[in-house]
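Coordinate analysis (summary)
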Amino acid sequence: MSSQASHGRELAAAFIPAEIEAPLDQKWVDAGYFTADAASTKEPFTIVLPPPNVTGVLHIGHALDQTLQDCLSRMKRMKGFEVLWLPGMDHAGIATQNVVEKQLGSQGKSRHDLGREAFVAKVWEWKAESGGAILDQMKRMGSGVDWTRERFTMDEGMSNAVVSIFKKMYDTGLIYRAERIINWCPRCLTALSDIEVEHSDDAGELVSIRYGEGDSAIIVATTRAETMLGDTAVAVHPEDERYKHLIGSTVEVPLVNRHISIVGDEHVDPAFGTGAVKVTPAHDVNDFEIGQRHNLATIVILDAEGRVIGTNTAFDGMDRADARKAVVEALRAEGRIVAEKRPYIHAVGHCSRCDTTIEPRLSKQWFVKVAPLAQASADAVRNGSVKIEPVALEPRYFEWVDNMHDWCISRQLWWGHRIPVWYGPAGEVVVVGPGESAPAGWTQDPDVLDTWFSSGQWAFSTMGWPDKSADLVKFYPTSVLVTGYDILFFWVVRMMMMSIFAMDGVPPFKTIMLHGLVRDQFGKKMSKSRGNVIDPIEFMDKYGADALRFTLARGANPGTDQALAEDWIGGSRNFATKLWNATRFAMMNGAHVNGDLPAFDSLNDIDRWILSRLNETVAEADSLLESYEFSRACELIYHFAWDDLCDWYLELSKETFASADKASSQRVLGHVLDQLMRLLHPVMPFITEELWCTLTGGESLVTAQWPVADKSQVDKQAEKVVASLQEVVTEVRRFRNDQGLKPSQKIPGRFSGNKDVVSYQSALRSLLKIETSDFTPSATLEIAGTTIELDLTGSIDVVAERARLEKDLATAQKDQKTAEVKLGNEGFMAKAPTEVVVEIRERLAKTTSEIERITAALAALK
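Treat the numbers as computed from the prediction; the structure is a model and nothing was measured.

**Considerations on the overall build of the protein chain**
Regarding its fold elements, the protein chain presents 29 helices and 29 strands. Here the C-alpha atoms of the protein chain give a radius of gyration of 36 Å, more than 25% beyond the 29 Å that 2.2 N^0.38 yields for 862 residues. In terms of principal-axis extent, the alpha carbons of the protein chain reach across some 115 × 80 × 55 Å. Intrachain contacts of the protein chain at a sequence separation of at least 6 include 77% that bridge at least 24 residues. Just so you have it, the protein chain exposes about 37000 Å², and 49% of that area is on carbon and sulfur atoms. Of the charged side chains in the protein chain, 92 are positive and 120 negative, and the gap between their average positions amounts to 3 Å.

Here it is as structure tokens:
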């Protein structure tokens, strides 16, 4: 009786992902397999999902992230760990506010028409109706997260944590308010941190302007001519002989007729430009520092929207871009323009949300003093408390963390965690913590906190901090953070800083596993403008989630980018179909998992070989997955399943399954499929679950035991025997093909010599279409110590075939000689282009191989 019949289940004739994926995911969730137990005595394994934006939809980067995290989580759960994979979303301050403001704009309204309270209510309403689509899309991936612990950075518990840590950091002097030059977006009307600014090389202009007259004149160059309206000094290097005599004197700023000082400052590079720089302390971060050192005035000449203000000139009210042109024209009219360079390519900062050019702006904002936090974050990696995989990316981590500026955390938005600071009538300041109340009549700071301030607390705030919850005790610190190297600086460093501070020096994770970006098949970055974006939902609809997951994992080498093409996803779907068909064939031939495996020594060479290969694969794949070598692990499992199991074992065993002596092989095949499905389950959860449950009658692979290699079942002698069989099959098939024989065409033949091979001649005859009969051999092959004599009479004209082969041999030998002569000619080699030499060498290698093949074929023919 077949295994299918014994378990009352049968596999469908064809693998159709859509028919199994949603029901299986629901089965797993309903059974509570992904719900972690904080009271468990099992060793914990914890991953927190990098929280996607509430505005987001699943893109291919998310798909890669979640595939790798799910792979680790499923494997560890099968290994007996208490696994918590915690999901959630980020409130995404600027992005979410922009979405809702656009909706209001389409109705002719702004947030100011609604007022703060009503607008925030509107955002919550949008979140309930449209936000969080990405979490539902995660379920399509089969992501085994603990949905009972889903968190949102604005929910009550996390908001409580945000206020608590703000107060704690303020009380310890790590949060302060000051006027500083910050990155300002004139479109979003908010401050931005350095990591929210994207730099690109833009084409602008470099204008050289003459300040003053005669011997006291000085020339400065700028890419932002409009800012000269706010200049309060010209700076030169104190040791620059060209300008030493001018230090301490004044010069008049054109157009505004203001006299400003010429100061000596070591910040100035004498070799750059003219060696003199205009100083606008209110609109440039370096100029601000010079201003602080020399006690210079700060004149703000641009408002929040980037319009000129307060200069008492015709430029007031102009947009900064229009003012730039107008100022240059006015200076040109006065004969002040000494030189102009267009285009001038230089790095320009842009808002990462709306791409507007950033304006450095003097503003009173809240900051985190990062020096001690960054130092602790660097020390945690340097002392080995936290490992970065791959190690090659450690320098990038240190480059960022060792050179951080104080972090501007206030944002001029309405959606987000409002800063818990209240101001009294006489300028008093108090931070109001959870459960506390502000004094009557005091007003709260209108700004909200940077989104990264709350998401930086994700590893501990999601588990109940500041309370010492059961989850926090059991699951913190997390085991591994799996994320793209592109947000190493954005999120990872901030998590390190916030967690080490809040959790008394304990870092948020033991390992940071960094993967690369997913690019198109040509290695280009995916973008809508290029039209090369791969939509994971579209390809899951077309090929199934398992195919997408396997393709992504198979391309994931630690820290390096990977290419992705639709054809490759199609190839993974073919792999899934191959597994389905192989399991269906196996079950139709009685493969099962009932009872113990037969004694290893009692098995035939082919059964011992597949068990040997299985155990070698299990051992190596386990080691690779534990080392985050997903690509190599998937490649290994793929070749075991496709090559060893499907192409060789099943083919070599067909005769056995058709015989009366098949019981041992049926049990061996059942065991191999059982173990293979367990091994492949973390990467391809849906198909393996369906196949395994049908084959074994088991409840679920999610909670099944991870395969463990049995070294006693590694048999090098059996591997040697099967290697000989494989060589015979491969070479005889090649010979048949060379003779033009159809694959189905039977020919007489016999085997002698290697006893290991000859003992399996029944299987070989079936595979190679070789019949038993009396004949006089017309061809003889010597392969792996085995003599294979064949009768080709009636199948081919041996004389004509020899003549054809001899003609082909002569042509190949002539081509070989020509290539050798050219490569041996020093004059030719000295002049020939590299690509021509490479082509000739490739031709020589090809013809040499062809000569060997034809010579062997001639030797075989009698």
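**Re the environment of Thr 811**
Counting through the fold element by element, Thr 811 comes out in helix α27 (residues 798–823). The sequence separation of Thr 811 and Thr 847 amounts to 36 residues, and the corresponding C-alpha distance is 9.2 Å.

**Brief notes about the sheet that holds strand β29 (residues 786–790)**
Spatial ordering of the open sheet is given by β27-β26-β29-β28, a layout of four strands whose pairing is mixed. The outermost strands of the open sheet, each flanked by one partner alone, are β27 (770–771) and β28 (779–783). Bridging between strand β26 (residues 747–753) and β29 involves five bridges; their strand directions are antiparallel. Looking at β29, one finds that Arg 750 is bridged to Glu 789.

**Section: the sheet that holds strand β8 (residues 218–222)**
Within the open sheet, the three strands sit side by side as β8-β7-β13. Their pairing is antiparallel. Bordering the open sheet on either side are β8 and β13 (337–351), each of which pairs with just one other strand. Strand-to-strand twist across the sheet, computed as the mean angle between neighbouring axes with direction ignored, equals 25°.

**A look at the pattern of salt bridges**
Per the counting criterion, the structure on display carries 52 salt bridges. Residue Glu 226 is joined to Arg 324 by a salt bridge in which the shortest nitrogen-to-oxygen separation is 2.8 Å. Taken together, the positions of Glu 226 in the loop between β8 and β9 (233–236) and Arg 324 in helix α10 (residues 320–333) put the pair 98 residues apart, joining distant regions of the chain. A relative accessible area of 0% means that Glu 226 is categorised as buried. Note on Arg 324: relative accessible area 25%, which makes it partly exposed. Arg 734 serves as the salt-bridge partner of Glu 731, at 2.5 Å between the closest nitrogen and oxygen. Note that Glu 731 and Arg 734 are positioned in helix α24 (residues 716–738) at a spacing of three residues, about one turn of the helix. Looking at Arg 734, the relative accessible area reads 40%, which means it is partly exposed. Taken together, the shared-partner salt bridges in this structure form one network comprising Glu 205, Glu 329, Arg 332, Glu 340 and Arg 342.

**Overview of helix α8 (residues 156–171)**
One turn of an α-helix holds 3.6 residues; hence residues three or four places apart share an orientation. Along its 16 residues, α8 runs 23 Å from first to last C-alpha, staying within 8% of the 22 Å computed at 1.5 Å per residue. Within the span of α8, buried status applies to Met 158, Ala 161, Val 162, Val 163, Ser 164, Ile 165, Phe 166 and Met 169. At the C-terminal side of α8, Gly 173 shows a positive phi close to 80°.

Calculation rules
- Residues numbered from 1 in each chain as written.
- Predicted model: local features only at pLDDT ≥ 70, side-chain atom pairs only at ≥ 80, totals over all residues.
- Heavy atoms only, no water.
- Helix = DSSP H or I, 4+ residues; strand = E, 2+ residues; numbered from the N terminus.
- Rg over C-alpha atoms; globule rule 2.2 N^0.38 Å.
- Contact = heavy atoms within 4.5 Å.
- Areas by Shrake-Rupley, 256 points an atom, 1.4 Å probe, with all protein chains shown as cover.
- Lys, Arg positive; Asp, Glu negative; His and termini not counted.
- Charge placed at Lys NZ, Arg CZ, Asp CG, Glu CD.
- Pairing = 2+ DSSP bridges.
- Axes fitted to C-alpha atoms, helices over the stretch in contact; angles between N-to-C directions.
- Salt bridge = Lys/Arg side-chain N within 4 Å of Asp/Glu carboxyl O.
- Buried < 20%, exposed > 50% of the residue type's maximum accessible area, 1.4 Å probe, protein only.
- Expected span 1.5 Å × (residues − 1).

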